[in-house]
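# Tertiary structure, described
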Amino acid sequence: MDATPLEIRRVEDRELHIAWADGHRTVFPNTWLRGHCQCATCVHELTGQRLLDTDAIRPDIKALEISLVGRYAIQIRWSDGHSTGIYPFRKLREWCLCEACEAARAGSRP
Ligand SMILES: [Zn+2]
Ligand SMILES: [Zn+2]
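In this report, we go over the structure that sits alongside the text. These numbers were taken from a predicted model, which means no experiment stands behind them.

Cut-offs applied
Residues numbered from 1 in each chain as written. Chains lettered and ligands numbered in written order. Predicted model: local features only at pLDDT ≥ 70, side-chain atom pairs only at ≥ 80, totals over all residues. Heavy atoms only, no water. Donors = N, O, S within 2.8 Å, 3.2 Å for Na, K, Ca; no water. Tetrahedral: all angles 85-135°; square planar, octahedral: opposite > 155°, others 65-115°. Helix = DSSP H or I, 4+ residues; strand = E, 2+ residues; numbered from the N terminus. Buried < 20%, exposed > 50% of the residue type's maximum accessible area, 1.4 Å probe, protein only. Polar contact = N/O pair within 3.5 Å; in protein donor to acceptor, adjacent residues only side chain to side chain. Core = buried A, V, L, I, M, F, W, Y, C linked by side-chain atoms within 4.5 Å. Contact = heavy atoms within 4.5 Å. Pairing = 2+ DSSP bridges. Axes fitted to C-alpha atoms, helices over the stretch in contact; angles between N-to-C directions. Phe/Tyr/Trp six-rings, centres within 6.5 Å; stacked < 30°, edge-to-face > 60°.

So, on to the coordination of the zinc ion (ligand 1). Note on metal sites: the ideal angle is 109.5 degrees for four tetrahedral donors, and 90 or 180 degrees for six octahedral donors. For the zinc ion (ligand 1), the protein coordination sphere consists of Cys37 (SG), Cys39 (SG), Cys42 (SG) and His82 (NE2), at 2.1 to 2.3 Å. Each of the four donor atoms around the zinc ion (ligand 1) contributes to a set of angles spanning 101 to 114°, which defines the coordination as tetrahedral. In primary sequence terms, the donor set of the zinc ion (ligand 1) follows C-x1-C-x2-C-x39-H. Residue Cys37 is located in the loop between helix H1 (30-35) and strand E4 (63-69), and its partner His82 is located in the loop between strand E5 (73-78) and strand E6 (86-88); the two are separated by 45 residues in the primary sequence. The class of Cys37 is buried, set by a relative accessible area of 0%.

What follows is about the coordination of the zinc ion (ligand 2). Coordination of the zinc ion (ligand 2) by the protein involves His24 (NE2), Cys96 (SG), Cys98 (SG) and Cys101 (SG), with metal-donor separations of 2.0 to 2.3 Å. One can describe the donor arrangement at the zinc ion (ligand 2) as tetrahedral, given that its four donor atoms subtend angles of 104 to 116° at the metal. Between consecutive donor residues of the zinc ion (ligand 2), the sequence gaps follow H-x71-C-x1-C-x2-C. The exposure class of Cys101 is buried, given its relative accessible area of 15%.

As a further point, take the side chain of Arg34. Tracing the backbone through its elements, the reader meets Arg34 in helix H1. Among the residues examined, Arg34 registers a relative accessible area of 5% and is labelled buried. Within the structure, the side chain of Arg34 is placed 2.9 Å from the side chain of Asp80, a separation counted as a polar contact.

Attention shifts here to the nonpolar core. When a protein is soluble and globular, its nonpolar side chains tend to lie buried together. Leu33, Ile74, Ile76, Trp78, Tyr87 and Leu92 are the most contacted members of the largest nonpolar core, which totals 20 residues. Not counting the four nearest positions on each side in its chain, Ile76 is found in contact with Leu16, Leu33, Ala63, Glu65, Ile66, His82, Ser83, Gly85 and Tyr87.

This part covers the pairing of strand E2 (residues 15-20). The buried fraction of E2 amounts to five of the six residues, a majority that puts the element mostly inside the structure. Taking the residues between adjacent antiparallel strands as the criterion, strand E1 (residues 5-11) and E2 are bridged by three residues, where Glu12 takes a positive phi near 50°.

Next up on the list: the sheet that holds E1. Two modes of strand pairing occur in sheets, parallel and antiparallel, and in both the strands are linked by backbone hydrogen bonds. An order of E1-E2-E3 is seen for the three strands of this open sheet, with the pairing classed as antiparallel. Unpaired on one side and paired on the other, E1 and strand E3 (25-29) mark the two borders of the sheet. Ignoring which end each strand starts from, the neighbouring axes of this sheet average 15° apart. Note that E1 and E2 share six bridges and pair antiparallel. Within E2, the residue paired with Arg9 across the bridge is His17.

Here the focus is the packing of aromatic side chains. On inspection of all chains with the given rule, the structure shows two aromatic pairs. With 5.2 Å between their ring centres and 20° between their planes, Phe28 and Trp32 make a pair best called stacked. The class for Trp32 is partly exposed, based on a relative accessible area of 23%. Ring geometry for Trp32 and Trp95: centres 5.5 Å apart, planes at 75°, overall edge-to-face. Placement of Trp32 in helix H1 and of Trp95 in the loop between helix H2 (89-94) and helix H3 (99-108) is noted, with a sequence separation of 63 residues between them. A relative accessible area of 13% means that Trp95 is categorised as buried. Pairwise contacts between aromatic rings join Phe28, Trp32 and Trp95 into one cluster.

Here is the structure:
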């Protein structure tokens, strides 16, 4: 599995599309990505517990700006003013919501 994105594209202000170097494609709804922010405000650093109330995320939330963080991650500035979240490519690839990846995850579950 290659977690190098060739292209990261915002689609209709609702989704983020990622094309990976190995040809795989991943689509994340904005609300889903915002809900999976891993920053210290959204997730407790020690317990990993989610502090963010995902019900409070606006369904029309937009990714205003996406910037690269080194060679391993992107940082997204959201329309709700939140911008501290960093999304490592490896995580994004792991989280892929497509049917094949969902099936692979289900199969590897003990
Ligand atoms: Zn956050
Ligand atoms: Zn996938």
